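Below are the chains, spelled out letter by letter.
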Amino acid sequence: RFENQSMPAKTPSLSVSFSLVYAGLGAGAMIFPLVAQLSINHVGWRSSYLVLAALLAISLLVIQLIPWRSLSLPVLTKTAADKAKDRGNLKKALKGKAFWYLFMIYFFTALAVYLISPQLVAYLVSVGFSQNTSALAFSIIGFLTIFGMAGTGLAADYLGARKTATLSFVMTIIGFSLLILLKTK
């Protein structure tokens, strides 16, 4: 409720706005596997760590040059009563089953995704794909994540958060399960 008050009148819903911002993760996941693989092909994996570190350092410098204050929306200040109400809402949420179910869903999803994703390129190579094709496949996943995140925000507005989350998790499970069908060399 409070967050919507700081949004300009003619903007997309908050869920769409956040999903578009979060899609930046997909953009990074699309670009960096290809950059990493090209770097490994040209200078080896040890030097590639230095190349990626240099790219990260340059990115941090660029981020520092962005005029953040001029891009910011005005922030509404909360009264002491609003802050007390927020603390009460947090305590209430921490005591609820729904909060902990959602926490566990996100925890186990992240656990599964981040245990499998780093191994994906090596797995695809082990079943017969070239290193470049495997890196490209991983980058395509990142590219599709951009649309998936944006689409999730839109779907949440139309289908509701619960149905959208369920659909998202089911599609993730199906996608990872299909990897089992790939035959090894």
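Owing to the predicted nature of the structure, the values given are computational and were not obtained by experimental measurement. (Residues numbered from 1 in each chain as written. Predicted model: local features only at pLDDT ≥ 70, side-chain atom pairs only at ≥ 80, totals over all residues. Heavy atoms only, no water.)

**Some remarks on the overall build of the protein**
Argument step 1. Helices and strands together make up the secondary structure of the protein, namely seven helices and zero strands.
Argument step 2. Of the regular secondary structure in the protein, the N- to C-terminal order runs α-α-α-α-α-α-α.
Argument step 3. A total of 185 residues make up the protein; the buried ones form 13% of that total.
Argument step 4. When contacts within the protein are restricted to residue pairs at least 6 apart in sequence, those whose partners lie at least 24 apart make up 70%.
Argument step 5. With the model as given, the accessible surface of the protein reaches about 14100 Å², and the carbon-plus-sulfur share is 73%. (Helix = DSSP H or I, 4+ residues; strand = E, 2+ residues; numbered from the N terminus. Buried < 20%, exposed > 50% of the residue type's maximum accessible area, 1.4 Å probe, protein only. Contact = heavy atoms within 4.5 Å. Areas by Shrake-Rupley, 256 points an atom, 1.4 Å probe, with all protein chains shown as cover.)

**Some remarks on helix α5 (residues 97–126)**
Along an α-helix, residues three or four positions apart point the same way, because every turn accommodates 3.6 residues.
Argument step 1. The end-to-end C-alpha separation of α5 is 42 Å, in line with the 44 Å expected for 30 residues at 1.5 Å each.
Argument step 2. The sharpest bend along α5 reaches about 50 degrees and sits at Leu 120.
Argument step 3. Among the residues making up α5, those that are buried are Ser 117, Leu 120 and Leu 124.
Argument step 4. Turning to α5, the residues buried within the fold contact α6 (131–159) and α7 (161–178).
Argument step 5. Count one or two residues on from α5 and you reach Gly 128, which has phi positive near 115 degrees. (Expected span 1.5 Å × (residues − 1). Bend = angle between axes of the 7 residues up to and from the residue.)

**With respect to the packing of α6 against α7**
Argument step 1. Viewed as axis vectors pointing N to C, α6 and α7 meet at an angle of 135 degrees, and their least axial separation amounts to 7 Å. The angle between α6 and α7 falls in the class oblique. From α6, Thr 152, Ala 155, Ala 156 and Leu 159 reach across to α7, where they touch Ala 161, Lys 163 and Thr 164.
Argument step 2. Of the residues contributing to the contact of α6 with α7, the split by class is four nonpolar, two polar and one charged. (Axes fitted to C-alpha atoms, helices over the stretch in contact; angles between N-to-C directions. Parallel < 35°, antiparallel > 145°, perpendicular 65-115°, else oblique. Nonpolar A, V, L, I, M, F, W, Y, C, P; charged D, E, K, R; others polar.)

**Notes on a nonpolar patch on the surface**
Argument step 1. On the surface, Leu 90, Leu 94, Phe 99, Trp 100, Phe 103, Met 104, Phe 107, Phe 108, Leu 111, Leu 115 and Ile 116 cluster together into a nonpolar patch covering about 1000 Å² of accessible area.
Argument step 2. Where the nonpolar patch is concerned, the elements lending two or more residues are α4 (80–95) and α5.
Argument step 3. Top contributing element to the nonpolar patch by residue count: α5, with nine residues.
Argument step 4. For Phe 103, the location among the structural elements is in helix α5.
Argument step 5. Accessibility expressed as a relative area gives 41% for Phe 103, which makes it partly exposed. (Patch = residues over 30% accessible without salt bridge, like charges linked within 9 Å, V, L, I, M, F, W, Y side chains within 5 Å. Salt bridge = Lys/Arg side-chain N within 4 Å of Asp/Glu carboxyl O.)

**Re the side chain of Gln 37**
Argument step 1. Position of Gln 37 relative to the elements: it lies in helix α2 (residues 14–65).
Argument step 2. In this view, Gln 37 contacts Gln 131, Asn 132 and Ala 135; residues no more than four positions away in its chain are not counted.

**A look at the side chain of Ser 39**
Argument step 1. For Ser 39, the location among the structural elements is in helix α2.
Argument step 2. Sequence-distant contacts of Ser 39, that is, excluding residues within four places in its chain, are made with Gly 44, Ser 48 and Val 51.

**Considerations on the confidence of the model for the protein**
Argument step 1. Across the protein, the average pLDDT comes to 77, with 82% of residues at 70 or higher.
Argument step 2. Taken element by element, the protein is modelled with least confidence in helix α1 (residues 2–5), mean pLDDT 42, and with most confidence in α7, mean pLDDT 84. (pLDDT = per-residue confidence, 0-100.)

**Comments concerning the packing of α5 against α6**
When two helices pack together, their arrangement is given by the angle between their axes and by how far apart the axes lie.
Argument step 1. Direction vectors running N to C along α5 and α6 enclose 145 degrees, while the axes themselves pass 8 Å from each other. Once α5 is placed against α6, the crossing between them reads as right-handed. In this structure, α5 contributes Ser 117, Leu 120, Val 121, Leu 124 and Val 125 to the contact, and α6 contributes Gln 131, Ser 134, Ala 135, Ala 137, Phe 138 and Ile 141. (Left-handed = near helix turned anticlockwise from the far one by under 90°.)

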